[in-house]
Amino acid sequence: MMRFSKAYIPTTKESPKDAQLPSHIYLSRAGFIAQVASGLYNFLPLGKRVLRKIETIINEEMAACGALEVDLSFVTPAELWEESGRIEKFGKELLRFRDRKENLFVLGPTHEEMMVNIVRNRVTSYKQLPLNVYQIKTKFRDEARPRFGLMRAREFVMKDGYSFHASTEDLDREFDAMEAAYKRVLERLGLKFRIVEADSGAIGGTGSKELMVLAQSGEDTLAVCDTCEYGANVEAARRAPRTDIPAAPEADFARFKTPGIKSIDDLSAFFHADPYYTLKAVVLRAVYTEGSELVCFFLRGCDELQEVKARNSVGAIDLVDASEAELSEIGLVPGFIGPLDQDKIRIVMDNDTRNATAMICGANEADYHFVGVDLGVMNEAHFADLAAVQEGDGCPNCSGKLLHTKGIEVGHIFKLGTVYSAPLKAEFLDENGRSQPFIMGTYGMGVSRLVAAVIEQHHDDRGCIWTPSTAPYLVNVMVSNVKEEAHLAYAETLYEALQKQGIETILDDRKERFGFKMSDAELIGFPYTVIVGKELDNGSVQIMIRSTREMITVDADKVIDTIGELVQ
RNA sequence: CGGGGCGUAGCUCAGUAUGGUUAGAGUACUUGGUUUGGGACCAAGGGGCCGGAGGUUCGAGUCCUCUCGCCCCGACCA
């Protein structure tokens, strides 16, 4: 019998001073987790139960898809990371150390290399494909700045799955199956979420989607359609072509004196033209694996540069600010930079500027702009999607409007293709007896982050509100005054009966006062608390529904039925 | 890695400008008593290398130097 008096649930009235987010505050105060060091947490008994609940749901959904669970070594030989080239790319996030024989190892931050290593030379024929293997395991990433409790920890629990295919068509099928499975997991957890298009970025591959739990504290900004299912991380969001095009300024092509007019606002006011007709220049230094160069990104004045898109457009690892000195050095005048007649710098034009007319842009000379510019002359230039999607922009898939919202990334699924299998020479023989690298997919889900995400989405000013499938115990049977022997005896009987029904229950039999135990019940967030107290003398008890804090009075012999109805 | 802040009882914090009894409060904990439907009350207790190391001084939680740790903003983040 799980008696609260014998359990280890150290609740506190005070918040730990370092905690900022609701999930961090309440999970700490309610005794689910305890911090050990920066980005490292101990899971106490309640926290471990929640973790296991989430893992169980994931395992069930993976089994339903035919995915196979494995468990790979946490400590991985550094050679594997050198082979894939990621020892450099991952950099300091990889925690490295040497064993007694001076061999170099890293703590696994993700397991593409190990998983490929398991499969290569063992799966050798297309007849053995497809294959989908996964694990739920502790990962370690030596984050530059761990923060927000479980949301961004250095040591965390992740479900990581990898699939191997003989064709891209088969990968597409599996990718969709995994998306559906992940969706079911989040639905079962009771979370509001959105599946969004994502930037595949450094990991490469042909497509990726993120699973975002919607919460104000989310670190990612999403553009979501108010009408259809479209959603995307702003890093990858697309939009429909603009329809409400403002009136164009009337001007023939000319060079115009614009003394001291440097900003888009000034320019727009000076010419009484909508910023839509001005051309914004953003010069950044693109950093590559080897070397770097200055790049000028042009977009309409009403748009903002989206850095991830800009980075992808030139294949850079990083974009850093360029100083005015660097610009002057190559003969560019900040505030008056334009794309016409200049070969001083690499240019990338936003798609929305293609064939733009009646434009105002810098003349590459101090205090002069061109007006009435037809950008059709730039058709040979490098065009790319560079602009950040703004709220109110049109949905690319329907006639709806895009809105911004915040999300917590709890899952990310990728179509990898041969990004890992080719360099690691993981190959099979196809039907024609030809050697081919595996076509791969990878599917991650942050299990410990999900614990935090549930609370970020489900809490109030009194504490946690666990969803039925994530609660450490579904029902808390609270004895108001344990000195009332009849009350305690009834509560113990009720506890046994609930357990017999398969309802996970805890009995709060502590010698504390009513208010103290109620506050704990609310802080911990059991979905239902059965209050066994003085009402029992009238043959009834009360059930407090945590999500609404509503109290309902029920006959003492109908508690199980009522709980059953509440859970459905 | 840049910028800022904080390390004193299990926890949350005073005390540090101006060095000076035995370093404090609240809470938590132990014991006894009174209470018992919204974090009770009374009484008596236990608990500290004031993050660490050097230094200045007759004397350092307090001043100086160096370190380590933690948090926040930013950069970074399959």
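Residues numbered from 1 in each chain as written. Chains lettered and ligands numbered in written order. Predicted model: local features only at pLDDT ≥ 70, side-chain atom pairs only at ≥ 80, totals over all residues. Heavy atoms only, no water.

**Digging into the pattern of salt bridges**
- Counting across every chain of the model gives 35 salt bridges.
- Ionic pairing is found between Lys139 and Asp160, a salt bridge with its closest N-O pair at 2.9 Å. Taken together, the positions of Lys139 in strand E7 (residues 131-140) and Asp160 in strand E8 (residues 155-165) put the pair 21 residues apart, joining distant regions of the chain.
- Asp160 sits in the buried class, given a relative accessible area of 1%.
- Its salt-bridge partner being Glu174, residue Arg173 comes within 3.0 Å of it at the nearest N-O pair.
- A relative accessible area of 39% places Arg173 in the partly exposed class.
- Using a relative accessible area of 7% as the deciding quantity, one classes Glu174 as buried.
- Members of the salt-bridge network, linked through shared partners, are Glu60, Glu61, Arg184 and Arg188. (Salt bridge = Lys/Arg side-chain N within 4 Å of Asp/Glu carboxyl O. Helix = DSSP H or I, 4+ residues; strand = E, 2+ residues; numbered from the N terminus. Buried < 20%, exposed > 50% of the residue type's maximum accessible area, 1.4 Å probe, protein only.)

**Re the sheet that holds strand E18 (residues 359-362)**
- Taking strand neighbours across the sheet as the criterion, the 3 strands line up as E13-E19-E18 in an open arrangement whose pairing is antiparallel. Edge positions in the sheet fall to strand E13 (254-257) and E18, since each has one partner strand and no second. With strand direction ignored, the average angle separating the axes of adjacent strands in the sheet is 30 degrees.
- Two strands pair when backbone bridges link them, and E13 and strand E19 (residues 368-373) are joined in this way by 4 bridges, in the antiparallel orientation. When the sheet's bridge partners are listed, Lys257 is paired in E19 with Tyr368.
- Against the sheet, helix H7 (residues 264-271) engages E13, E18 and E19, with an angle of about 105 degrees to E13. (Pairing = 2+ DSSP bridges. Axes fitted to C-alpha atoms, helices over the stretch in contact; angles between N-to-C directions. Contact = heavy atoms within 4.5 Å.)

**Examining the packing of aromatic side chains**
- Tallying each qualifying case throughout the model produces 11 aromatic pairs.
- For the ring pair Trp81 and Phe90, a centre distance of 5.8 Å and an interplane angle of 90 degrees mean the geometry is edge-to-face.
- Look at Phe90 and you get buried, because its relative accessible area is 17%.
- Arranged with centres 5.4 Å apart and planes meeting at 80 degrees, the rings of Phe164 and Phe438 form a pair that is edge-to-face. On the criterion of sequence distance, the pair formed by Phe164 in strand E8 and Phe438 in the loop between strand E23 (435-437) and strand E24 (439-446) is long-range, its members being 274 residues apart. (Phe/Tyr/Trp six-rings, centres within 6.5 Å; stacked < 30°, edge-to-face > 60°.)

Read these as spatial facts, not as claims about activity.
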